[in-house]
Amino acid sequence: MKTITEKKQGVYTFGAKTADGNRNMKNLLGGKGANLAEMSRIGIPVPPGFTITTEVCTQYNQEGKKATIARIEEEVRAAIAGIEATMGTTFGDNQNPLLLSVRSGARVSMPGMMDTVLNLGLNDDSLQGIIQMTGNERFAWDSYRRFIQMYSGVVLGLKPETKQDLDPFEEIIDHLKDKRGILHDTQFSVQDLKDLVYDFKDIVRKRSGQEFPTDPWDQLWRAILAVFDSWNGERAVYYRKMNGYPEDWGTAVNVQAMVFGNMGEDSGTGVCFTRDAGSGENKFNGEYLINAQGEDVVAGVRTPQQITLLGSKRWAQLAQVTEEERKEKYPSLEELMPVSYRELFEYQRILENHYQDMQDMEFTIQKGKLWILQTRNGKRTGFAMVKIAMDLLKEGLIDKETALLRIDPPKLDELLHPVFDPEALKEAEVVAQGLPASPGAATGQIVFFADEAAKYKYSILVRVETSPEDVEGMHLAKGIVTARGGMTSHAAVVARGMGKCCVSGAGALKIDYKNRTLYAGGHEYHEGDWISINGSTGNILDGKVATREPELSGEFAEVMELADSFARMEVRTNADNPRDAAVARSFGARGIGLTRTEHMFFEVDRIKAMREMILADTVKGRKQALRELLPMQRSDFEGIFRAMEGLPVTIRLLDPPLHEFVPHQLATQKELAEDLHISLASVKSKVAELEEFNPMLGHRGCRLGNTYPEITEMQTRAILEAALNLKKEGITTRPEIMIPLVGTVEEFTQQKAIIDQTASDVFKRRKDTVEYLVGTMVEVPRAALLADRIAEHAEFFSFGTNDLTQMTFGYSRDDSGKFLPVYLAKGILKEDPFEVLDQEGVGQLVKMGTERGRQTRSHLKVGICGEHGGEPSSVEFCHRIGLDYVSCSPYRVPIARVAAAQAVIRG
Ligand code: PEP
Ligand code: MG
C-alpha cells in the first residue's frame, strides 16, 4: 500500500480496502473523493478508483492540457492498472471490459453545477464484451446510446445551438418515439436502441466534423479535462460567486469502476438508511431491486422491495399484499440474499459508528458481490433529527456538544405546528408560491375580509396585504395568505406571533375583492372554496389537504434542557396577550422582550375609544377617551403579568402611526361619525390630516408620546396599576417600560420624566410601590451613535432591528418586496436583511450601540426584539457581541434557545 507521505503528482487511489487519502483531505480530494477514500480505508468495499486532486485542476488552469497530462500520466496509468487488477477486467477489452465513471467533486458540494460521464470505455468492441458479461443486449445498447449522448454533451460540447433549440440527441429520441407511437424510453426495442447509436454517431460526425472517439484512453483524458473545464463553466462560476467560493479551489476528478446491479438474478441495487429518517427510530431500513440499475429504484417503474424482513412485512400490510404473495413476489433482501444482507448490515453499522451519524447509503450487488457506492449523513425530518441526536448521545456515540450541534434550529418548527400528512401532500396540486412567512399547515375555506373570518369553521384569510385592523380576523382564520409583503410584513410578523400558518408575498395571486374571487395557477376560486397553505414552504395548494397534529416527543424536551445548560443568553418572547405569553412560557421563554401595546387597541371594544382619542381636537377630549382605555389596558397588562409571573415583561409605549387606527372605508367612517356624534365631513378631514407621505418616518414612536404626553401617562398608569394589583394577590411582577424610536437624548428624557412623575403619583395614591425600569428601543441609527449619552438615562436597551434595518439600508419594510427578490437573484444581497441580520452593516450599529451604552452604564441590560431575535445566525451574532437576551415570537423560542447554546459551543 502506498502511503500519503510518498510524493504524489496528483493521483490518489482508493479501493481494495486501502486508500491514499482520508476524510480530512476534502480540500485536496474534494468531498466525494475524501469520502470514498475514507470508506476504503476502514474496509468498506467501494468500487476501486482514483481521485485527481484539486491542485491538478488549478495547475491545469495555469499550464494547460499538455503539461497537465504529462504530470499525471504515469500515475493515472498505474491507477487504472490497479482498478483492472481489483475488478478482474480490462479497460477497452472486447471480452471483459472495464467501464468507468468520471465525476467532479469540489471541496463543498455544488449539486448539479459540474459534469459527470458514466459508462466510459464503451465502443463497438467493448460493447460486445458487455453483452457477454451481462447477457443483456438491451442493457448494453441502452448504456451505449446514453454514453454517447452524455459524452457528446459534456466532452464534445454538442449542445443546442441557440436557447430555443432542442438538444440534438433529444430531438432524435423524440422523433423515434413519435414514429413508434411510444411514450417512454423503456419501450424502445433493441433495434431502436441500435438505430439511436447509429444516428447519434452521425450527429457527432456532422456537428463536430470528427468521429465519436473510440479509443478508451482518448475518451478518458478528454473526459478528465472536460470535468476540470466545467469548474469554469457558466453554471459553476455563477454558483461560486453566489456562495463566495474562491476560483482557485478547483475541482477534483473521481474516476471509478462502474459496477452493475443488472447482471442477472444474483445482482441488485438499493438505497438504505441506518435509522428511520422519518421517525428517527434506530431501525435499519431501505429498498432494493433485483437485476436493476440505480435509477430503477427511484424511477418507480418497478415496485422496490424492502431490505429487512420486518420492513417487508410492514410494507405488505400497508400495500395489502398477502404473506404468500409477499414471500414470492416481494421477498426482503434479508430472505433472498442472506449473505449479502448480513454484510450490508455489518457495513451500515460500521459506517454509522464511524461517521457517528445516521447514514444514507447506496449499494449494488454485482453477481453476488456487494459494493457500497456512497454514504452520506442522511436527510431527516425535524422529529428524526431530535430523536437521533439524543439517541446517539445516550448510546455514547457523541457528546453533549455534538448532540446540540446536530440540531438544525429552524427544523424544530416541524415539532411545533400542525403538519400536512406527507401522503396527502404527494397528491396535492401547487397553484402558487409565496414566502414561507409563518410555518405550519392549514386548510380551509377562502374568506377575503378579516371580519368574515368566522363565517367558516376553517377559514383561510386571503388578502392583498393585511393591516392592524385585520388582527382579530387573523386570529380566527386557520391561515393567512397575502399577495404582497415580505417576511416582516404585518401579516408575517403577526402570524408568527400567533403561531399561525402564513404565506406572504405570493405575487402571482390575483385578488378581486369586488367579486370575491381569487385567480391562482389557472384556477378561479370563490369565497368558500377550499385551499391549503404550507407556511413552511410557501406553497399554496388546491383544495383540502389532510393535516396531522404534531407530537412533542420526550427527546424534544431533553434537547431544550441540554441547550439551556450551555446557553449564556436568555431567550424572551414578543407577546401581546396572555395566551401568546403562556405559549411562549411553555416553550421556555424567560420573560417578554416586547409587548406591542397597539395590538390591544384593535379589538372591537377598544378601537372605538382609540378612534375617539385620535379624532379629539383638544387635550381634554383626548384625556376623556384615554380614561375609557385605561381600565382595558390595565386588565390586559394584568393578564400578561400573570402569565409571566416573576419574569421581566417589557412593555413598549404606543408606536405605530395613528392613521393605522382610523377607518378608511366610507361605511365605517359613517359609523364612526354617528358613534361620536360628529359630521362625516369632520371624520373625513381628520383621516385626511393623518395621512403621511412616509408614515414609517412620520408621526410615530416616541414622537407620539412627546406630542401627546397624556398617552404615555395613561399607559404608564395602566402598567403600574396592573403591577400593584397583582402585588396584592402576592404575584411578583417585573415591569420594564420601553420608549420606542428614540433618536435624541431629549426625546428619551422628556418621556422618562412623564413616566417617573406618573409612577410617583400612582404610588402615592395607592400607598404602595413596585420596582420598574425605563429603557429605550434602539431602532434609529442616531440612537446607536449616541448610545453612551442615552445610557446615562436609559436603564436598558432593546435593539429593534426591524426598524434599524429599514433605516440603515433605507429600504422600506413595506415596499422592499418589489426589489429584494431581484437583489437576491442577482446576488446583490445574499440574504433578506429583514430576515437575517446584516452583521457587517446593521450589526455594526448593534455592536457599537452596546459598547457605547456600556461605557456609561457598565451593567446595562441589552437585548434584541426585532424579527432577527429568532433567526439562528443572528442569535449567534448577538451572543458574540455580548447581548444579554434575544426576544422572538413564541414559536421561535425553542429555535433561539438551541441557537444560543450552539453559539457558546461554536464560540
Ligand atoms: C423593530 O423595529 O425591530 C421592532 C421590534 O418594532 P416594530 O417591528 O414593532 O416596529
Ligand atoms: Mg420598530
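Residues numbered from 1 in each chain as written. Chains lettered and ligands numbered in written order. Predicted model: local features only at pLDDT ≥ 70, side-chain atom pairs only at ≥ 80, totals over all residues. Heavy atoms only, no water.

1. Description of the overall build of the protein chain
Scanning the protein chain from terminus to terminus reveals 35 helices and 34 strands. In terms of overall dimensions, the protein chain has a C-alpha envelope of 105 × 60 × 60 Å along the principal axes. Every one of the 907 residues in the protein chain was classed for burial, and the buried ones make up 56%. A fraction of 68% describes how many contacts in the protein chain between residues 6 or more apart in sequence connect residues 24 or more apart. Averaging the coordinates of the 109 positive side-chain charges in the protein chain and doing the same for the 129 negative ones gives two points 3 Å apart. (Helix = DSSP H or I, 4+ residues; strand = E, 2+ residues; numbered from the N terminus. Buried < 20%, exposed > 50% of the residue type's maximum accessible area, 1.4 Å probe, protein only. Contact = heavy atoms within 4.5 Å. Lys, Arg positive; Asp, Glu negative; His and termini not counted. Charge placed at Lys NZ, Arg CZ, Asp CG, Glu CD.)

2. Here we look at the coordination of the magnesium ion (ligand 2)
Of the protein atoms, only Glu779 (OE) and Asp803 (OD) coordinate the magnesium ion (ligand 2), at distances of 2.0 to 2.2 Å. Of this pair, Glu779 sits in the loop between strand S31 (773-778) and helix H29 (781-785) while Asp803 sits in helix H31 (residues 801-809); the two residues are 24 residues apart in sequence, bridging distant segments of the chain. (Donors = N, O, S within 2.8 Å, 3.2 Å for Na, K, Ca; no water.)

3. Looking at the site of ligand 1
The full set close to ligand 1 counts 13 residues, and Arg596, Gly800, Asn802, Asp803 and Arg813 are the nearest of them. Thr801 is positioned such that a nitrogen or oxygen atom in its backbone is 3.0 Å from an oxygen atom of ligand 1. In the environment of ligand 1, an oxygen atom lies 2.7 Å from a nitrogen or oxygen atom belonging to the backbone of Asn802. Protein coverage of the free-state accessible area of ligand 1, which is 290 Å², stands at 95%. Only strand S28 (592-596) and H31 provide two or more residues apiece to the shell around ligand 1. Here the residues of the shell around ligand 1 sort into three nonpolar, four polar and six charged. (Near = heavy atom within 4 Å. Polar contact = N/O pair within 3.5 Å; in protein donor to acceptor, adjacent residues only side chain to side chain. Areas by Shrake-Rupley, 256 points an atom, 1.4 Å probe, with all protein chains shown as cover. Nonpolar A, V, L, I, M, F, W, Y, C, P; charged D, E, K, R; others polar.)

4. What about the nonpolar core?
Residues Leu412, Ile614, Phe641, Phe661 and Phe797 are the most contacted members of the largest nonpolar core, which totals 121 residues. The dominant element in this core, judged by the number of residues it contributes, is helix H27 (residues 709-728), at nine residues. Setting aside chain neighbours within four positions, we find Phe661 in contact with Glu598, Phe601, Phe602, Ile607, Met610, Arg611, Ile614, Leu654 and Pro656. Judged by nonpolar contacts, the second largest core, of 73 residues, contains Val11, Tyr144, Ile148 and Tyr239. (Core = buried A, V, L, I, M, F, W, Y, C linked by side-chain atoms within 4.5 Å.)

5. So, the side chain of Gln751
Relative to the helices and strands, Gln751 is located in helix H28 (residues 745-766). The class of Gln751 is buried, set by a relative accessible area of 1%. Within the structure, the side chain of Gln751 is placed 2.9 Å from the backbone oxygen of Gly705, a separation counted as a polar contact.

6. Side note on helix H5 (residues 137-154)
Residues that lie three or four places apart on an α-helix share one face, since the helix turns once every 3.6 residues. In a regular helix each residue adds 1.5 Å, so 18 residues correspond to 26 Å; H5 covers 26 Å between its end C-alpha atoms and thus fits that length. The element H5 is largely enclosed, with a buried count of 14 among its 18 residues. Near the N-terminus of H5, the side chain that reaches the backbone nitrogen of Arg138, with its oxygen 3.3 Å away, is that of Asn136. (Expected span 1.5 Å × (residues − 1).)

7. Focus: the side chain of Asp413
Looking at the secondary structure, you find Asp413 in the loop between helix H16 (400-405) and strand S14 (419-420). Within the buried core, Asp413 has no salt-bridge partner, and the shortest N-O distance to an opposite charge, that of Arg892, equals 6.2 Å. With residues up to four places along the chain from it excluded, the contact list for Asp413 reads Pro439, Tyr891 and Ile895. (Salt bridge = Lys/Arg side-chain N within 4 Å of Asp/Glu carboxyl O.)

8. Comments concerning H28
Over its 22 residues, H28 extends 31 Å from the first C-alpha to the last, a length consistent with the 32 Å expected when each residue adds 1.5 Å. Those residues of H28 not exposed but buried are Val745, Glu747, Phe748, Thr749, Gln751, Lys752, Ile755, Thr758, Ala759, Val762 and Phe763. Just beyond H28, the residue with positive phi is Lys767, at close to 50°.

9. A short note on the confidence of the model for the protein chain
In this model, the protein chain carries an average pLDDT of 91, and 96% of its residues clear a pLDDT of 70 or more. Note that residues 1-5 has pLDDT below 50 and, in this model, seven contacts with residues that lie over four places away or in other chains. (pLDDT = per-residue confidence, 0-100.)

10. Comments concerning the pattern of salt bridges
The tally for this structure, following the rule as stated, stands at 56 salt bridges. In this structure, Arg275 engages Glu352 in a salt bridge whose closest nitrogen and oxygen atoms are separated by 2.7 Å. Residue Arg275 is located in the loop between strand S9 (268-273) and strand S10 (285-290), and its partner Glu352 is located in helix H14 (residues 338-355); the two are separated by 77 residues in the primary sequence. Judged by its relative accessible area of 1%, Arg275 is buried. Accessibility expressed as a relative area gives 7% for Glu352, which makes it buried.

11. Here's the deal with the domain arrangement of the protein chain
By the assigned domains, the protein chain splits into domain 1 (1-123 + 216-258), domain 2 (124-214), domain 3 (268-380), domain 4 (418-548) and domain 5 (567-657 + 692-906). For domain 1 versus domain 3, the separation of C-alpha centres amounts to 28 Å. Each partner contributes to the interface: domain 1 provides 15 residues, whereas domain 3 provides 13 residues. It is Met39, Ile44 and Pro45 in domain 1 that bury the most area against domain 3; as a group they hold 38% of the surface buried on that side. In terms of residue count, the dominant contributor to the side of domain 1 that touches domain 3 is helix H1 (residues 26-41) (four residues). Partitioned by chemical class, the residues of the side of domain 1 that touches domain 3 number ten nonpolar, two polar and three charged. (Domains from an automatic or database assignment. Buried area = accessible area lost by both parts, 1.4 Å probe.)

12. A word on the sheet that holds strand S11 (residues 305-306)
As summarised here, the arrangement of the five strands in space is S11-S10-S9-S12-S13, forming an open sheet in which the pairing is antiparallel. Among the strands making up the open sheet, the edge pair consists of S11 and strand S13 (369-377). Together, S9, strand S12 (359-366) and S13 form the strand contacts of H14, whose direction differs from that of S13 by roughly 25°. (Pairing = 2+ DSSP bridges. Axes fitted to C-alpha atoms, helices over the stretch in contact; angles between N-to-C directions.)

13. Focus on the packing of H27 against H28
It is at 9 Å that the axes of H27 and H28 come closest, and there the two elements cross at 40°. For the element pair H27 / H28, the angle class is oblique. Where H27 crosses over H28, the handedness of that crossing is right-handed. On the side of H27, the interface is formed by Pro709, Thr712, Glu713, Thr716, Arg717, Leu720, Glu721, Leu724, Asn725 and Lys728, while H28 contributes Gln751, Ile754, Ile755, Thr758, Ala759, Asp761, Val762, Phe763, Arg765 and Arg766. In terms of residue class, the contact of H27 with H28 is built from eight nonpolar, five polar and seven charged. (Parallel < 35°, antiparallel > 145°, perpendicular 65-115°, else oblique. Left-handed = near helix turned anticlockwise from the far one by under 90°.)

14. As for the environment of Val76
Summarising the element assignment, Val76 is placed in helix H3 (residues 65-87). Here Val76 falls in the buried class, since its relative accessible area comes to 0%. Residues Val76 and Val583, 507 residues apart in the sequence, show an inter-C-alpha distance of 63 Å. Once residues lying within four places of it in the same chain are set aside, the contact partners of Val76 are Val11, Phe50, Ile52, Trp217, Leu220 and Trp221.

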